[in-house]
Amino acid sequence: MSDLARLQQAFTDAVLSPEETLEGLAGMIEGGPLSPVQRLNVYRNNYRLGLTDGVAEIFPLVSAFVGSQFLKGALRRYILAEPPAEPMLHRYGAGFAAFLDDFEPASGVPYIADLARIEWAVHELQNALEEPLLPPEDAEGAMRAGWARLSSNMRLVVSAYPVVNLWMVGRGQLPPEAVRLEDGAQTAAVVLTGRQVRILPLEGGLAKLARCLHAGDQPVPEDLYAYAAGLAERSLLSKRDGES
Amino acid sequence: MTSPLPLSPSGSRTPVGVGLKSQHYQDVLQTSPALTFFEVHAENYMVPGGAHRRYLDAISDKYALSLHGVGMSLGSAEGLDEAHVRRFRALVEDYRPWLISEHLAWSRRGDTYLNDLLPLPLNAESLEIVTRNVSHLQDAIGRRVLVENPSAYLSFETTDIPEVEFLSALADRTGCGLLLDVNNVFVSATNMGWDAAAYLDAVPTAAVGEIHLAGHALKDIDGVPLRIDDHGSRVAEDVWELYRHTIARLGARPTLIEWDTNVPSLATLVSEAGIAEGIMRQEAVAREVDRV
(Lines give C-alpha, C1' and ligand atoms only; values in the text may rest on other atoms or scores of the structure.)
Protein backbone atom coordinates (compact mmCIF):
# COMPACT_ATOMS: atom_id res chain seq x y z
CA MET A 1 0.00 0.00 0.00
CA SER A 2 1.36 3.47 -0.85
CA ASP A 3 1.91 6.07 1.85
CA LEU A 4 -0.93 8.05 0.31
CA ALA A 5 -3.32 5.10 0.47
CA ARG A 6 -2.49 4.61 4.15
CA LEU A 7 -3.02 8.29 4.85
CA GLN A 8 -6.34 8.32 2.99
CA GLN A 9 -7.57 5.29 4.94
CA ALA A 10 -6.64 6.88 8.27
CA PHE A 11 -8.20 10.21 7.24
CA THR A 12 -11.42 8.46 6.16
CA ASP A 13 -11.59 6.58 9.48
CA ALA A 14 -11.02 9.82 11.38
CA VAL A 15 -13.76 11.71 9.49
CA LEU A 16 -16.23 8.86 10.10
CA SER A 17 -15.27 8.30 13.71
CA PRO A 18 -17.99 9.29 16.20
CA GLU A 19 -15.27 10.75 18.42
CA GLU A 20 -12.44 13.16 17.65
CA THR A 21 -9.38 11.10 16.87
CA LEU A 22 -5.94 11.40 15.30
CA GLU A 23 -5.39 7.66 15.27
CA GLY A 24 -3.30 6.73 12.27
CA LEU A 25 -2.62 10.43 11.57
CA ALA A 26 -0.44 11.23 14.59
CA GLY A 27 2.52 13.34 13.55
CA MET A 28 1.22 13.73 10.00
CA ILE A 29 -0.70 17.02 10.23
CA GLU A 30 1.05 20.33 10.87
CA GLY A 31 -0.15 22.38 13.82
CA GLY A 32 0.50 26.10 14.30
CA PRO A 33 -2.11 28.44 15.83
CA LEU A 34 -4.65 25.63 15.41
CA SER A 35 -3.90 22.09 16.55
CA PRO A 36 -4.00 19.12 14.14
CA VAL A 37 -7.27 17.96 15.73
CA GLN A 38 -8.87 21.39 15.30
CA ARG A 39 -7.82 21.41 11.64
CA LEU A 40 -9.11 17.90 11.05
CA ASN A 41 -12.38 18.92 12.69
CA VAL A 42 -13.03 21.42 9.88
CA TYR A 43 -13.24 18.48 7.48
CA ARG A 44 -15.25 16.36 9.94
CA ASN A 45 -17.75 19.20 10.29
CA ASN A 46 -17.92 19.88 6.56
CA TYR A 47 -18.72 16.24 5.97
CA ARG A 48 -21.35 16.08 8.70
CA LEU A 49 -23.10 19.38 8.05
CA GLY A 50 -22.96 19.20 4.26
CA LEU A 51 -24.39 15.73 4.11
CA THR A 52 -26.91 16.11 6.93
CA ASP A 53 -28.34 19.32 5.48
CA GLY A 54 -28.42 17.87 1.96
CA VAL A 55 -30.25 14.69 2.93
CA ALA A 56 -32.62 16.54 5.31
CA GLU A 57 -34.00 18.44 2.28
CA ILE A 58 -35.35 15.16 0.91
CA PHE A 59 -37.50 14.60 4.00
CA PRO A 60 -39.51 17.78 4.73
CA LEU A 61 -42.56 15.87 6.02
CA VAL A 62 -40.53 13.69 8.36
CA SER A 63 -39.13 16.97 9.62
CA ALA A 64 -42.65 18.39 10.01
CA PHE A 65 -43.72 15.38 12.10
CA VAL A 66 -40.67 14.94 14.35
CA GLY A 67 -39.00 18.35 14.12
CA SER A 68 -35.84 19.30 12.30
CA GLN A 69 -33.65 18.73 15.39
CA PHE A 70 -34.78 15.13 15.68
CA LEU A 71 -34.41 14.52 11.94
CA LYS A 72 -30.89 15.95 11.89
CA GLY A 73 -29.95 13.98 14.98
CA ALA A 74 -31.10 10.78 13.27
CA LEU A 75 -29.27 11.76 10.08
CA ARG A 76 -26.04 12.39 11.98
CA ARG A 77 -26.13 8.76 13.18
CA TYR A 78 -27.13 7.53 9.72
CA ILE A 79 -24.31 9.24 7.82
CA LEU A 80 -21.70 7.75 10.12
CA ALA A 81 -23.28 4.28 10.04
CA GLU A 82 -23.87 4.21 6.28
CA PRO A 83 -21.66 6.79 4.53
CA PRO A 84 -22.16 7.41 0.80
CA ALA A 85 -20.60 4.87 -1.55
CA GLU A 86 -20.66 7.06 -4.67
CA PRO A 87 -20.51 10.76 -5.53
CA MET A 88 -24.06 11.11 -6.88
CA LEU A 89 -25.46 12.44 -3.65
CA HIS A 90 -29.00 12.63 -5.01
CA ARG A 91 -28.95 8.82 -4.72
CA TYR A 92 -27.76 8.93 -1.12
CA GLY A 93 -30.37 8.44 1.58
CA ALA A 94 -32.12 5.42 0.08
CA GLY A 95 -31.40 3.47 3.26
CA PHE A 96 -32.58 6.14 5.69
CA ALA A 97 -36.15 4.78 5.99
CA ALA A 98 -34.83 1.32 6.90
CA PHE A 99 -32.44 2.97 9.35
CA LEU A 100 -35.45 4.66 11.01
CA ASP A 101 -37.19 1.26 11.37
CA ASP A 102 -34.50 0.29 13.87
CA PHE A 103 -33.80 3.73 15.31
CA GLU A 104 -34.83 3.33 18.95
CA PRO A 105 -35.53 7.05 19.64
CA ALA A 106 -38.14 6.93 16.83
CA SER A 107 -40.09 4.05 18.42
CA GLY A 108 -42.74 6.53 19.61
CA VAL A 109 -43.53 7.47 15.99
CA PRO A 110 -43.69 4.01 14.39
CA TYR A 111 -45.14 5.34 11.12
CA ILE A 112 -42.25 7.73 10.48
CA ALA A 113 -40.15 5.22 8.52
CA ASP A 114 -43.02 4.70 6.06
CA LEU A 115 -43.42 8.45 5.62
CA ALA A 116 -39.70 8.55 4.88
CA ARG A 117 -40.24 5.79 2.29
CA ILE A 118 -42.85 7.93 0.55
CA GLU A 119 -40.61 10.99 0.57
CA TRP A 120 -37.68 8.98 -0.77
CA ALA A 121 -39.91 7.62 -3.55
CA VAL A 122 -41.01 11.15 -4.47
CA HIS A 123 -37.38 12.30 -4.55
CA GLU A 124 -36.20 9.35 -6.61
CA LEU A 125 -39.02 9.59 -9.17
CA GLN A 126 -38.32 13.28 -9.74
CA ASN A 127 -35.14 12.22 -11.54
CA ALA A 128 -36.61 9.23 -13.38
CA LEU A 129 -37.27 8.80 -17.07
CA GLU A 130 -40.91 8.28 -17.92
CA GLU A 131 -41.54 4.96 -19.60
CA PRO A 132 -44.47 3.92 -21.81
CA LEU A 133 -47.48 2.64 -19.88
CA LEU A 134 -49.84 -0.21 -20.50
CA PRO A 135 -53.24 1.05 -21.75
CA PRO A 136 -56.08 0.00 -19.40
CA GLU A 137 -57.88 -1.89 -22.17
CA ASP A 138 -54.83 -4.12 -22.68
CA ALA A 139 -53.99 -4.58 -19.00
CA GLU A 140 -55.90 -7.72 -18.07
CA GLY A 141 -54.88 -9.56 -21.23
CA ALA A 142 -51.25 -8.58 -20.77
CA MET A 143 -51.33 -9.73 -17.18
CA ARG A 144 -52.88 -13.08 -18.04
CA ALA A 145 -50.21 -13.51 -20.73
CA GLY A 146 -47.58 -12.78 -18.06
CA TRP A 147 -46.09 -9.63 -19.53
CA ALA A 148 -47.50 -6.90 -17.34
CA ARG A 149 -45.42 -5.48 -14.51
CA LEU A 150 -45.49 -2.53 -12.14
CA SER A 151 -44.10 0.53 -13.91
CA SER A 152 -40.59 1.68 -13.07
CA ASN A 153 -42.24 5.09 -12.61
CA MET A 154 -44.06 3.88 -9.49
CA ARG A 155 -43.03 2.89 -5.97
CA LEU A 156 -45.23 0.93 -3.60
CA VAL A 157 -45.19 1.66 0.12
CA VAL A 158 -47.07 -0.98 2.10
CA SER A 159 -47.64 0.38 5.58
CA ALA A 160 -49.25 -0.90 8.76
CA TYR A 161 -50.32 2.73 9.36
CA PRO A 162 -52.62 5.19 7.53
CA VAL A 163 -49.58 6.55 5.77
CA VAL A 164 -51.33 8.36 2.92
CA ASN A 165 -53.57 10.20 5.36
CA LEU A 166 -50.56 11.09 7.49
CA TRP A 167 -48.80 12.36 4.38
CA MET A 168 -51.84 14.54 3.64
CA VAL A 169 -51.72 15.92 7.19
CA GLY A 170 -48.06 16.78 6.64
CA ARG A 171 -48.97 18.59 3.43
CA GLY A 172 -51.78 20.49 5.13
CA GLN A 173 -54.43 18.71 3.05
CA LEU A 174 -56.08 17.06 6.06
CA PRO A 175 -56.46 18.36 9.63
CA PRO A 176 -54.44 16.31 12.12
CA GLU A 177 -57.54 15.40 14.11
CA ALA A 178 -58.96 13.63 11.04
CA VAL A 179 -56.33 10.88 11.27
CA ARG A 180 -55.97 8.22 13.95
CA LEU A 181 -53.30 5.54 13.88
CA GLU A 182 -56.04 3.01 14.67
CA ASP A 183 -57.49 3.76 11.22
CA GLY A 184 -55.10 1.02 10.18
CA ALA A 185 -52.99 -0.02 7.25
CA GLN A 186 -52.73 1.84 3.96
CA THR A 187 -50.90 0.96 0.78
CA ALA A 188 -49.51 3.96 -1.09
CA ALA A 189 -48.54 4.17 -4.73
CA VAL A 190 -46.11 6.96 -5.55
CA VAL A 191 -46.26 7.56 -9.29
CA LEU A 192 -44.55 9.76 -11.84
CA THR A 193 -46.80 10.64 -14.73
CA GLY A 194 -46.94 13.67 -16.99
CA ARG A 195 -43.85 15.10 -15.20
CA GLN A 196 -45.74 15.13 -11.88
CA VAL A 197 -45.18 12.84 -8.92
CA ARG A 198 -48.41 11.98 -7.10
CA ILE A 199 -49.33 9.81 -4.11
CA LEU A 200 -52.37 7.56 -4.38
CA PRO A 201 -53.90 5.31 -1.76
CA LEU A 202 -54.64 1.83 -3.11
CA GLU A 203 -57.44 -0.16 -1.55
CA GLY A 204 -59.06 -3.59 -1.74
CA GLY A 205 -58.27 -5.60 -4.83
CA LEU A 206 -56.09 -2.85 -6.32
CA ALA A 207 -53.82 -2.92 -3.27
CA LYS A 208 -53.78 -6.73 -3.24
CA LEU A 209 -52.85 -6.96 -6.90
CA ALA A 210 -50.17 -4.28 -6.60
CA ARG A 211 -48.64 -6.04 -3.58
CA CYS A 212 -48.77 -9.34 -5.45
CA LEU A 213 -46.92 -7.88 -8.46
CA HIS A 214 -44.50 -6.07 -6.17
CA ALA A 215 -43.63 -9.33 -4.41
CA GLY A 216 -43.27 -11.13 -7.75
CA ASP A 217 -45.92 -13.72 -6.78
CA GLN A 218 -46.85 -15.97 -9.69
CA PRO A 219 -49.41 -16.81 -10.77
CA VAL A 220 -51.64 -13.89 -9.81
CA PRO A 221 -54.73 -15.20 -7.94
CA GLU A 222 -57.63 -15.48 -10.39
CA ASP A 223 -59.88 -13.02 -8.55
CA LEU A 224 -57.32 -10.20 -8.88
CA TYR A 225 -57.10 -10.04 -12.70
CA ALA A 226 -60.19 -7.88 -12.72
CA TYR A 227 -58.17 -5.10 -11.03
CA ALA A 228 -55.47 -4.91 -13.72
CA ALA A 229 -57.34 -2.21 -15.66
CA GLY A 230 -57.70 -0.19 -12.46
CA LEU A 231 -53.96 -0.21 -11.87
CA ALA A 232 -53.35 0.73 -15.50
CA GLU A 233 -55.81 3.62 -15.23
CA ARG A 234 -53.66 4.94 -12.36
CA SER A 235 -50.54 4.80 -14.59
CA LEU A 236 -49.01 1.99 -12.57
CA LEU A 237 -48.46 -0.74 -15.20
CA SER A 238 -45.97 -1.25 -18.01
CA LYS A 239 -45.01 -4.09 -20.29
CA ARG A 240 -42.19 -6.40 -19.39
CA ASP A 241 -38.98 -5.68 -21.26
CA GLY A 242 -38.84 -7.40 -24.61
CA GLU A 243 -42.62 -7.48 -25.12
CA SER A 244 -43.89 -5.28 -27.92
CA MET B 1 -0.26 42.35 -32.64
CA THR B 2 -3.62 40.65 -32.32
CA SER B 3 -5.40 40.53 -29.03
CA PRO B 4 -4.30 37.71 -26.74
CA LEU B 5 -7.74 37.52 -25.15
CA PRO B 6 -9.44 34.14 -25.51
CA LEU B 7 -12.69 34.21 -27.39
CA SER B 8 -15.64 32.45 -25.82
CA PRO B 9 -18.18 30.50 -27.92
CA SER B 10 -20.37 33.61 -27.99
CA GLY B 11 -17.47 35.78 -29.09
CA SER B 12 -17.14 37.62 -25.79
CA ARG B 13 -13.67 38.81 -24.93
CA THR B 14 -14.68 39.08 -21.28
CA PRO B 15 -16.56 35.82 -20.73
CA VAL B 16 -18.34 35.60 -17.39
CA GLY B 17 -20.65 32.98 -15.95
CA VAL B 18 -22.37 31.90 -12.76
CA GLY B 19 -22.95 28.56 -11.12
CA LEU B 20 -26.37 27.26 -12.20
CA LYS B 21 -28.71 26.69 -9.25
CA SER B 22 -32.00 24.83 -9.59
CA GLN B 23 -33.88 27.72 -7.92
CA HIS B 24 -32.83 29.91 -10.89
CA TYR B 25 -33.79 27.60 -13.78
CA GLN B 26 -37.01 29.41 -14.65
CA ASP B 27 -35.50 32.81 -14.14
CA VAL B 28 -32.59 32.05 -16.49
CA LEU B 29 -34.94 30.98 -19.28
CA GLN B 30 -37.32 33.89 -18.78
CA THR B 31 -34.80 36.70 -18.35
CA SER B 32 -31.87 35.48 -20.49
CA PRO B 33 -29.21 37.27 -18.39
CA ALA B 34 -26.19 38.71 -20.18
CA LEU B 35 -23.74 35.95 -19.35
CA THR B 36 -21.51 33.81 -21.54
CA PHE B 37 -21.76 30.56 -19.65
CA PHE B 38 -23.25 28.57 -16.81
CA GLU B 39 -21.37 26.03 -14.76
CA VAL B 40 -22.94 22.90 -13.27
CA HIS B 41 -21.73 20.26 -10.86
CA ALA B 42 -21.50 17.19 -13.04
CA GLU B 43 -22.74 14.75 -10.40
CA ASN B 44 -26.09 16.56 -10.02
CA TYR B 45 -26.94 15.72 -13.63
CA MET B 46 -25.99 12.05 -13.52
CA VAL B 47 -29.69 11.16 -13.55
CA PRO B 48 -31.78 9.31 -16.14
CA GLY B 49 -34.39 12.05 -16.55
CA GLY B 50 -36.45 14.64 -14.77
CA ALA B 51 -36.57 18.40 -14.46
CA HIS B 52 -32.84 18.94 -13.85
CA ARG B 53 -31.91 17.37 -17.17
CA ARG B 54 -34.77 19.15 -19.00
CA TYR B 55 -33.69 22.56 -17.72
CA LEU B 56 -30.04 21.89 -18.44
CA ASP B 57 -30.96 20.86 -21.99
CA ALA B 58 -32.84 24.13 -22.48
CA ILE B 59 -30.22 26.35 -20.85
CA SER B 60 -27.28 24.73 -22.63
CA ASP B 61 -29.06 25.46 -25.92
CA LYS B 62 -28.67 29.18 -25.17
CA TYR B 63 -25.43 29.38 -23.19
CA ALA B 64 -21.99 27.82 -23.19
CA LEU B 65 -21.64 25.17 -20.51
CA SER B 66 -18.88 24.47 -18.04
CA LEU B 67 -18.99 20.96 -16.57
CA HIS B 68 -17.45 20.99 -13.10
CA GLY B 69 -16.91 17.64 -11.41
CA VAL B 70 -16.81 17.46 -7.63
CA GLY B 71 -16.55 13.70 -7.09
CA MET B 72 -13.84 12.33 -9.39
CA SER B 73 -11.32 12.15 -6.54
CA LEU B 74 -8.30 12.87 -8.73
CA GLY B 75 -6.10 12.45 -5.66
CA SER B 76 -7.16 8.90 -4.78
CA ALA B 77 -4.18 6.58 -4.32
CA GLU B 78 -6.27 3.68 -5.59
CA GLY B 79 -6.98 5.36 -8.94
CA LEU B 80 -10.24 6.55 -10.43
CA ASP B 81 -13.60 4.85 -10.11
CA GLU B 82 -14.16 3.52 -13.64
CA ALA B 83 -17.93 3.60 -13.31
CA HIS B 84 -17.72 7.28 -12.42
CA VAL B 85 -15.38 7.98 -15.34
CA ARG B 86 -17.98 6.40 -17.65
CA ARG B 87 -20.78 8.52 -16.19
CA PHE B 88 -18.65 11.63 -16.60
CA ARG B 89 -17.82 10.75 -20.20
CA ALA B 90 -21.52 10.21 -20.95
CA LEU B 91 -22.29 13.75 -19.74
CA VAL B 92 -19.43 15.16 -21.83
CA GLU B 93 -20.86 13.37 -24.86
CA ASP B 94 -24.42 14.51 -24.13
CA TYR B 95 -23.63 18.19 -23.55
CA ARG B 96 -20.29 18.83 -25.31
CA PRO B 97 -19.32 21.42 -22.67
CA TRP B 98 -17.10 24.37 -23.48
CA LEU B 99 -15.04 23.87 -20.28
CA ILE B 100 -14.45 20.78 -18.14
CA SER B 101 -12.93 20.89 -14.67
CA GLU B 102 -12.21 18.94 -11.48
CA HIS B 103 -10.23 19.43 -8.27
CA LEU B 104 -6.81 18.77 -6.81
CA ALA B 105 -8.37 16.79 -3.96
CA TRP B 106 -9.64 13.39 -3.00
CA SER B 107 -12.95 12.16 -1.61
CA ARG B 108 -13.03 8.41 -2.11
CA ARG B 109 -11.38 5.60 -0.21
CA GLY B 110 -12.49 2.06 -1.03
CA ASP B 111 -16.28 1.90 -0.93
CA THR B 112 -16.65 5.17 0.95
CA TYR B 113 -17.28 8.53 -0.66
CA LEU B 114 -16.74 11.48 1.65
CA ASN B 115 -18.77 14.48 0.62
CA ASP B 116 -15.89 16.98 0.66
CA LEU B 117 -12.73 18.04 -1.20
CA LEU B 118 -10.09 16.50 1.07
CA PRO B 119 -6.47 17.66 1.18
CA LEU B 120 -3.48 15.84 -0.28
CA PRO B 121 0.10 15.77 0.89
CA LEU B 122 1.98 17.38 -2.00
CA ASN B 123 5.13 15.39 -2.76
CA ALA B 124 6.70 13.18 -5.43
CA GLU B 125 4.44 10.22 -4.64
CA SER B 126 1.18 12.18 -4.81
CA LEU B 127 2.32 14.01 -7.96
CA GLU B 128 2.85 10.62 -9.58
CA ILE B 129 -0.64 9.47 -8.52
CA VAL B 130 -2.49 12.64 -9.53
CA THR B 131 -0.62 12.72 -12.86
CA ARG B 132 -1.77 9.18 -13.58
CA ASN B 133 -5.37 9.95 -12.62
CA VAL B 134 -5.61 13.21 -14.60
CA SER B 135 -4.08 11.59 -17.69
CA HIS B 136 -6.49 8.70 -17.37
CA LEU B 137 -9.51 11.02 -17.14
CA GLN B 138 -8.38 13.13 -20.10
CA ASP B 139 -7.77 10.02 -22.20
CA ALA B 140 -11.14 8.56 -21.25
CA ILE B 141 -13.15 11.65 -22.16
CA GLY B 142 -10.93 12.84 -25.01
CA ARG B 143 -10.83 16.37 -23.61
CA ARG B 144 -8.51 18.65 -21.68
CA VAL B 145 -9.48 19.01 -18.05
CA LEU B 146 -8.88 22.10 -15.91
CA VAL B 147 -7.70 21.20 -12.40
CA GLU B 148 -8.75 23.52 -9.56
CA ASN B 149 -6.80 24.47 -6.45
CA PRO B 150 -8.90 23.65 -3.35
CA SER B 151 -9.29 25.58 -0.08
CA ALA B 152 -6.94 24.25 2.59
CA TYR B 153 -7.45 24.06 6.34
CA LEU B 154 -4.46 21.86 7.08
CA SER B 155 -1.22 20.70 5.52
CA PHE B 156 0.67 17.46 5.93
CA GLU B 157 4.17 17.04 7.33
CA THR B 158 5.03 15.03 4.20
CA THR B 159 4.26 17.96 1.87
CA ASP B 160 7.44 19.22 0.25
CA ILE B 161 6.15 20.78 -2.98
CA PRO B 162 4.33 24.14 -2.77
CA GLU B 163 0.82 23.87 -4.23
CA VAL B 164 1.42 26.22 -7.14
CA GLU B 165 4.53 24.28 -8.16
CA PHE B 166 2.64 21.02 -7.84
CA LEU B 167 -0.11 22.31 -10.15
CA SER B 168 2.46 23.64 -12.64
CA ALA B 169 4.20 20.27 -12.74
CA LEU B 170 0.84 18.55 -13.16
CA ALA B 171 -0.01 20.80 -16.11
CA ASP B 172 3.41 20.12 -17.69
CA ARG B 173 3.13 16.38 -17.28
CA THR B 174 -0.48 15.86 -18.33
CA GLY B 175 -1.25 18.81 -20.58
CA CYS B 176 -4.16 19.63 -18.28
CA GLY B 177 -5.15 23.23 -17.74
CA LEU B 178 -5.74 24.97 -14.44
CA LEU B 179 -8.90 26.35 -12.94
CA LEU B 180 -7.54 29.09 -10.73
CA ASP B 181 -9.87 29.72 -7.79
CA VAL B 182 -8.74 33.10 -6.53
CA ASN B 183 -10.94 32.86 -3.44
CA ASN B 184 -9.40 29.48 -2.58
CA VAL B 185 -5.91 30.94 -2.98
CA PHE B 186 -6.87 33.71 -0.56
CA VAL B 187 -8.52 31.33 1.92
CA SER B 188 -5.62 28.84 1.86
CA ALA B 189 -2.98 31.56 1.99
CA THR B 190 -4.63 33.21 4.99
CA ASN B 191 -5.22 29.90 6.80
CA MET B 192 -1.80 28.42 6.07
CA GLY B 193 0.33 31.57 6.16
CA TRP B 194 1.28 31.62 2.46
CA ASP B 195 1.69 34.75 0.33
CA ALA B 196 -1.37 34.88 -1.95
CA ALA B 197 0.09 37.39 -4.43
CA ALA B 198 3.31 35.38 -4.77
CA TYR B 199 1.21 32.24 -5.42
CA LEU B 200 -0.76 34.03 -8.14
CA ASP B 201 2.40 35.41 -9.73
CA ALA B 202 3.84 31.88 -9.96
CA VAL B 203 0.82 30.38 -11.74
CA PRO B 204 1.81 29.30 -15.27
CA THR B 205 0.01 31.86 -17.44
CA ALA B 206 -0.80 29.70 -20.42
CA ALA B 207 -2.32 26.89 -18.35
CA VAL B 208 -5.12 28.94 -16.76
CA GLY B 209 -8.34 28.19 -18.60
CA GLU B 210 -10.86 29.49 -16.07
CA ILE B 211 -11.06 31.50 -12.87
CA HIS B 212 -13.43 30.93 -9.94
CA LEU B 213 -14.59 33.60 -7.52
CA ALA B 214 -16.77 33.10 -4.46
CA GLY B 215 -17.48 34.40 -1.00
CA HIS B 216 -16.12 32.78 2.15
CA ALA B 217 -16.86 32.89 5.87
CA LEU B 218 -14.66 33.96 8.74
CA LYS B 219 -14.88 31.58 11.72
CA ASP B 220 -13.42 31.90 15.16
CA ILE B 221 -11.98 28.66 16.54
CA ASP B 222 -11.00 29.17 20.19
CA GLY B 223 -9.82 32.68 19.40
CA VAL B 224 -7.99 31.74 16.19
CA PRO B 225 -9.53 33.09 12.98
CA LEU B 226 -10.07 30.56 10.18
CA ARG B 227 -11.50 31.31 6.74
CA ILE B 228 -13.98 28.75 5.47
CA ASP B 229 -14.81 28.45 1.77
CA ASP B 230 -18.60 28.26 2.07
CA HIS B 231 -19.68 29.93 -1.21
CA GLY B 232 -22.32 31.72 0.80
CA SER B 233 -21.80 35.44 0.27
CA ARG B 234 -20.45 38.15 -2.04
CA VAL B 235 -16.83 38.00 -3.18
CA ALA B 236 -14.63 39.64 -0.52
CA GLU B 237 -12.85 42.93 -1.33
CA ASP B 238 -9.44 41.30 -0.75
CA VAL B 239 -10.35 38.66 -3.30
CA TRP B 240 -11.48 41.24 -5.89
CA GLU B 241 -8.09 42.91 -5.49
CA LEU B 242 -6.30 39.61 -6.06
CA TYR B 243 -8.56 38.97 -9.06
CA ARG B 244 -7.62 42.32 -10.60
CA HIS B 245 -3.95 41.53 -9.95
CA THR B 246 -4.42 38.14 -11.66
CA ILE B 247 -6.24 39.52 -14.70
CA ALA B 248 -3.60 42.25 -15.08
CA ARG B 249 -1.03 39.49 -15.30
CA LEU B 250 -2.91 36.81 -17.27
CA GLY B 251 -5.29 38.85 -19.39
CA ALA B 252 -8.96 38.00 -19.54
CA ARG B 253 -10.06 34.49 -18.61
CA PRO B 254 -13.51 32.90 -18.40
CA THR B 255 -14.58 33.88 -14.90
CA LEU B 256 -17.24 32.22 -12.80
CA ILE B 257 -19.12 33.36 -9.70
CA GLU B 258 -19.91 30.45 -7.36
CA TRP B 259 -22.63 30.84 -4.73
CA ASP B 260 -23.92 27.56 -3.31
CA THR B 261 -25.25 28.25 0.19
CA ASN B 262 -27.75 31.00 1.16
CA VAL B 263 -28.30 31.28 -2.59
CA PRO B 264 -29.38 34.84 -3.53
CA SER B 265 -31.45 36.02 -6.50
CA LEU B 266 -30.14 35.41 -9.99
CA ALA B 267 -29.83 39.19 -10.38
CA THR B 268 -27.35 39.31 -7.48
CA LEU B 269 -25.22 36.61 -9.08
CA VAL B 270 -25.33 38.39 -12.42
CA SER B 271 -24.28 41.66 -10.81
CA GLU B 272 -21.26 39.94 -9.21
CA ALA B 273 -20.35 38.54 -12.62
CA GLY B 274 -20.70 42.08 -13.97
CA ILE B 275 -17.99 43.27 -11.57
CA ALA B 276 -15.63 40.60 -12.92
CA GLU B 277 -16.48 41.60 -16.48
CA GLY B 278 -15.78 45.26 -15.66
CA ILE B 279 -12.38 44.38 -14.21
CA MET B 280 -11.49 42.35 -17.31
CA ARG B 281 -12.49 45.30 -19.56
CA GLN B 282 -10.51 47.82 -17.52
CA GLU B 283 -7.41 45.63 -17.46
CA ALA B 284 -7.71 44.96 -21.21
CA VAL B 285 -7.75 48.73 -21.83
CA ALA B 286 -4.79 49.16 -19.49
CA ARG B 287 -2.87 46.53 -21.47
CA GLU B 288 -3.67 48.27 -24.75
CA VAL B 289 -2.48 51.57 -23.29
CA ASP B 290 0.72 49.92 -22.07
CA ARG B 291 1.38 48.68 -25.58
CA VAL B 292 1.12 52.15 -27.18
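Below is a summary of the structure that appears in this document. Everything numeric in this text was worked out from a predicted model, so none of it was measured.

What follows deals with the environment of B:Ser32. All names here are of chain B. Here Ser32 shows up in the loop between helix H1 (25-31) and strand E2 (37-41). Contact partners of Ser32, with chain neighbours within four places excluded, come to Asp27, Lys62 and Tyr63. Among the polar contacts made by the side chain of Ser32, one reaches the side chain of Lys62 at a distance of 2.8 Å.

Moving on, we come to the sheet that holds strand E4 (residues 196-202) of chain A. Strand pairing in a sheet relies on backbone hydrogen bonds, with the paired strands running either antiparallel or parallel. All names here are of chain A. Strand order across the open sheet formed by three strands is E2-E3-E4, with antiparallel pairing between neighbours. At either margin of the open sheet sits one strand with a lone partner, and together these are strand E2 (154-159) and E4. Strand after strand, the sheet turns through a mean of 20° between neighbouring axes, direction not considered. Judged from the six bridges that link them, E2 and strand E3 (residues 186-193) form a sheet pairing that is antiparallel.

When the terminal C-alpha atoms of helix H5 (residues 163-174) of chain B are compared, their 16 Å separation across twelve residues agrees well with the 16 Å that a helix rising 1.5 Å per residue should span. Along H5(B), the positions that sit buried rather than exposed are B:Glu163, B:Val164, B:Phe166, B:Leu167, B:Ser168, B:Leu170, B:Ala171 and B:Thr174.

For the rest of this paragraph, the subject is the interface of chain A and chain B. Each side of the interface is counted separately: chain A has 41 residues, and chain B has 46 residues. Roughly 3800 Å² is buried in total at the junction of chain A and chain B, and carbon and sulfur atoms are behind 62% of that figure. Put simply, chain A and chain B have zero salt bridges between them. In this structure, the connection of chain A to chain B is made through 13 residue pairs in polar contact (both at pLDDT 80 or more). The set of elements that each furnish at least two residues to the side of chain A that touches chain B consists of helix H1 (3-16) and helix H2 (36-56) of chain A. At ten residues, H1(A) tops the list of elements feeding residues into the side of chain A that touches chain B. Of the residues belonging to the side of chain A that touches chain B, the class tally is 24 nonpolar, eleven polar and six charged.

Turning next to the sheet that holds strand E4 (residues 99-103) of chain B. Residues and elements named next belong to chain B. Strands sit in the order E1-E2-E3-E4-E7-E8-E9-E12 around a closed barrel of eight strands; the barrel is parallel. Each strand axis lies, on average, 25° off the axis of its neighbour in the sheet, ignoring direction. Where strand E8 (residues 177-181) and strand E9 (residues 208-214) come together, four bridges link them in parallel fashion. From the neighbouring strand, Leu178 faces E9, where its bridge partner is Val208.

All names here are of chain B. The pairing of strand E10 (residues 217-221) with strand E11 (residues 224-228) spans five bridges and is classified as antiparallel. Among the inter-strand pairings, Ala217 is bridged to a residue of E11, identified as Ile228. Once E10 ends, the chain turns through two residues before running back antiparallel as E11, passing Asp222 with a positive phi of about 50°.

Take the nonpolar core next. Ranked by size, the top nonpolar core spans 144 residues in total, and within it A:Phe11, B:Phe88, B:Leu180 and B:Leu213 carry the most contacts. With nine residues, helix H6 (residues 112-125) of chain A is the single largest residue contributor to this core. Excluding its chain neighbours within four sequence positions, the residues that come into contact with B:Leu180 are B:Asn149, B:Val185, B:Tyr199, B:Leu200, B:Val203, B:Val208, B:Glu210, B:Ile211, B:His212, B:Thr246 and B:Leu250. A:Ala142, A:Met143, A:Leu202 and A:Leu224 belong to the second-largest nonpolar core, a separate cluster that totals 26 residues.

Parameters and conventions
- Residues numbered from 1 in each chain as written.
- Chains lettered and ligands numbered in written order.
- Predicted model: local features only at pLDDT ≥ 70, side-chain atom pairs only at ≥ 80, totals over all residues.
- Heavy atoms only, no water.
- Helix = DSSP H or I, 4+ residues; strand = E, 2+ residues; numbered from the N terminus.
- Contact = heavy atoms within 4.5 Å.
- Polar contact = N/O pair within 3.5 Å; in protein donor to acceptor, adjacent residues only side chain to side chain.
- Pairing = 2+ DSSP bridges.
- Axes fitted to C-alpha atoms, helices over the stretch in contact; angles between N-to-C directions.
- Expected span 1.5 Å × (residues − 1).
- Buried < 20%, exposed > 50% of the residue type's maximum accessible area, 1.4 Å probe, protein only.
- Buried area = accessible area lost by both parts, 1.4 Å probe.
- Salt bridge = Lys/Arg side-chain N within 4 Å of Asp/Glu carboxyl O.
- Nonpolar A, V, L, I, M, F, W, Y, C, P; charged D, E, K, R; others polar.
- Core = buried A, V, L, I, M, F, W, Y, C linked by side-chain atoms within 4.5 Å.

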